Amino acid sequence: MTMGKENDASGFKLVGFSNFVRQNPKSDRFRVKRFHHVEFWCTDATNTARRFSWGLGMPIVAKSDLSTGNMVHASYVLRSGDLNFVFTAPYSPSIAVDGGEKSTASIPTFDHAACRAFAASHGLAVRAIAVEVEDAEVAFNTSVAHGAKPFSPPVILDNVAVIAEIHLYGDAVLRYVSYKNRSNLDFLPGFEPIISSFPLDYGIRRLDHAVGNVPELGPAVAYVKGFTGFHEFAEFTAEDVGTSESGLNSVVLANNDEMVLLPMNEPVYGTKRKSQIQTYLEHNEGAGVQHLALVSEDIFRTLREMRQRSGVGGFEFMPSPPPTYYKNLKNRAGDVLNDEQIKQCEELGILVDRDDQGTLLQIFTKPLGDRPTIFIEIIQRVGCMLKDEEGKTYQKGGCGGFGKGNFSELFKSIEEYEKTLEAKRAREPTAA
Ligand SMILES: [Fe+2]
């Protein structure tokens, strides 16, 4: 057996995918709306923001920096559809206004020492996963009453917005954002809009899930589940994956409407190759955000745009699967994807998986920065279209799953491919 650490006594137990019964108890402890933004802490926000802007087709739409009167931190907001990324770096503490005067920071939870220590320890990494809630003060107080470790109590911004922070895992925080009055407010108070003259849009529309790597799943899941009330949406263990090559156990937590999805992974020990989660934990110096899955409205277009820029400032992708993967794909998804679409999947290296409800198209970038830590997943979900009370069509959250089936499918297709190479070699005349 190649299980992770023993499940703890918190009542949490991995049952594996096939034994997992999906149900939605709608048990949120406070009203959660959607993902609001993701904030990266770095040492130079200008350069990092521009690289992501170009690589992902997300224009820089707002700023809070020296030019707007912020003497504490430089922050830039990138946007594509409903997806907001914020890149923040510290200025010199010597120029920050203090001595009783009001801080000029637009994000009041920003802390010089913490940001510097964070960047030194983790490299480029996610500091905050922000969710919009109905009332950040209620969300914070309820969370703390249910065991959440507070990082920053609610702060009212300009009388229009409230933010509060809770420890999530490692040095990452869960940030609650709510608005008292959002008229004319594009992001948060203190940010000024930037009008770009260069259109940039590769089709990315929103954050689907934000995944954390933790040393031990049991306590991490029990902790987040405990203070949010989120339910388990899906899980899989190394055994499910079939090959134990994955080296991970995973649980997905979801809010009531299953649009805020927070999966977590733990490493599995005793496999032939070292778990990729263990590698992450070493390079990141502990728990942190492993990947952000971004929904594209047209994954073929997004991939064409992103791949064009891979070598000129954009992001690179993991090696594509062998041709055998796409030969098998017609059997696996021929009812959902036509021949032309399967051909495009192969050309662009897109993986396909499905669950009992829908189909998932997915692809992973290589790590985004220096360290083999955080990466991005681009996805498109097909199916599960429902109608809300007003008759508006929407797609059910998590439709098509998270790509569990691709672990074994990739493994199988690589084995098959290697066999075809062996057969080819046997036919070739041996050199003298
Ligand atoms: Fe994912």
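See above for the structure.
The shown structure was predicted, so the numbers you read here are calculated from the model rather than taken from an experiment.

S.K.: Is there a simple way to explain the packing of helix α8 (residues 323-333) against helix α10 (residues 404-427) in this structure?
M.R.: Running from N to C, α8 and α10 cross one another at 125°; their axes reach a closest spacing of 8 Å. When the interaxial angle is binned, α8 and α10 end up oblique. Every pair of crossing elements has a handedness; the one defined by α8 and α10 is right-handed. Residues P323, T324, Y325, N328 and R332 of α8 form the contact with α10, whose own contacting residues are N406, E409, L410, K412, S413, E416 and Y417. Split by residue class, the contact of α8 with α10 holds four nonpolar, four polar and four charged.

S.K.: Please explain the side chain of D353 as it appears in this structure.
M.R.: The residue D353 is located in strand β15 (residues 351-354) in this model. Since its relative accessible area comes to 8%, D353 is described here as buried. From its side chain, D353 meets the backbone nitrogen of G405 in a polar contact 2.8 Å long. Beyond its immediate stretch of four places on either side in the chain, D353 contacts R332, G358, T359, L360, G400, G403, K404, G405 and N406.

S.K.: In this structure, what is going on with the state of the cysteines? I would like to understand it.
M.R.: Should the sulfur atoms of two cysteines be covalently bonded, the bond is a disulfide. Applying the stated rule across the entire model yields one disulfide. In this structure C345 is a free cysteine whose sulfur lies 16 Å from that of C399, the closest cysteine sulfur available. You can call C345 buried: its relative accessible area is 0%.

S.K.: Teacher, can you tell me more about the coordination of the iron ion here?
M.R.: Under perfect tetrahedral coordination by four donors, a metal shows angles of 109.5 degrees; under perfect octahedral coordination by six donors, it shows angles of 90 or 180 degrees. Around the iron ion, the protein contributes the donor atoms H209 (NE2), H291 (NE2) and E377 (OE), which lie 2.0 to 2.2 Å from the metal centre. Its relative accessible area of 1% is what places E377 among the buried residues.

S.K.: In this structure, what is going on with the sheet that holds strand β4 (residues 83-90)? I would like to understand it.
M.R.: Strand pairing within a sheet occurs via backbone hydrogen bonds; the two strands may be parallel or antiparallel. Strand order across the open sheet formed by nine strands is β6-β7-β8-β5-β1-β4-β3-β2-β9, with mixed pairing between neighbours. At either end of the open sheet lies a strand with only one pairing partner, and these are β6 (150-157) and β9 (192-193). Inspection of the sheet shows strand β1 (residues 32-41) paired to β4 by four bridges, in the parallel sense. Looking at the pairing, F40 lines up with F87 of β4. Sheet strands in contact with helix α2 (residues 112-122) are β1, β4 and β5 (125-133), and its direction is about 125° off that of β5. Most of the contacts of helix α4 (residues 217-228) go to strand β7 (residues 161-169), to which it runs at about 155°, and overall it touches β7 and β8 (172-179).

S.K.: How should unusual backbone geometry be read in this particular structure?
M.R.: Peptide bonds are mostly trans, and most non-glycine residues show a negative phi. In this structure, D158 is a non-glycine residue whose phi angle is positive, near 55°. Assignment of secondary structure puts D158 in the loop between β6 and β7. If you check the backbone angles, N159 has positive phi at about 65° while not being a glycine. Among the structural elements, N159 can be located in the loop between β6 and β7.

S.K.: Help me understand α4, please; the structure alone is not making it clear to me.
M.R.: Side chains that are three or four residues apart share a direction in an α-helix, a result of its 3.6 residues per turn. The end-to-end C-alpha distance of α4 is 16 Å, a good match for the 16 Å that twelve residues give at a rise of 1.5 Å each. Residues of α4 that are buried include every one of L217, G218, A220, V221, Y223, V224, F227 and T228, and no others. For α4, the elements touching its buried residues are α3 (136-145), β7, β8, β12 (248-254) and β13 (261-267). Count one or two residues on from α4 and you reach G229, which has phi positive near 80°.

S.K.: What exactly am I supposed to notice about α3 here?
M.R.: Those residues of α3 that sit buried are A136, A139, F140, T142 and S143. Tucked inside the fold, the buried residues of α3 contact β5, β6, β7, β8 and α4. With its phi angle positive at about 95°, G147 sits one or two positions after the end of α3.

S.K.: Mind showing me how you'd approach the packing of α8 against helix α9 (residues 339-348) here?
M.R.: Each pair of packed helices gets described by two things: the angle between the helix axes and the distance between those axes. The contact between α8 and α9 brings their axes to 10 Å, and the two run at 160°. In this view, α8 runs roughly antiparallel relative to α9, as classed from their interaxial angle. Crossing of α8 over α9 shows right-handed handedness. Along the contact surface, α8 presents P323, Y326, L329 and K330, while α9 presents D339, I342, C345 and E346. The residue makeup of the contact of α8 with α9, split by class, is five nonpolar, no polar and three charged.

What counts and how
- Residues numbered from 1 in each chain as written.
- Predicted model: local features only at pLDDT ≥ 70, side-chain atom pairs only at ≥ 80, totals over all residues.
- Heavy atoms only, no water.
- Axes fitted to C-alpha atoms, helices over the stretch in contact; angles between N-to-C directions.
- Helix = DSSP H or I, 4+ residues; strand = E, 2+ residues; numbered from the N terminus.
- Parallel < 35°, antiparallel > 145°, perpendicular 65-115°, else oblique.
- Left-handed = near helix turned anticlockwise from the far one by under 90°.
- Contact = heavy atoms within 4.5 Å.
- Nonpolar A, V, L, I, M, F, W, Y, C, P; charged D, E, K, R; others polar.
- Buried < 20%, exposed > 50% of the residue type's maximum accessible area, 1.4 Å probe, protein only.
- Polar contact = N/O pair within 3.5 Å; in protein donor to acceptor, adjacent residues only side chain to side chain.
- Disulfide = S-S within 2.5 Å.
- Donors = N, O, S within 2.8 Å, 3.2 Å for Na, K, Ca; no water.
- Pairing = 2+ DSSP bridges.
- Expected span 1.5 Å × (residues − 1).

On their own, these measurements won't tell you what the molecule is for.
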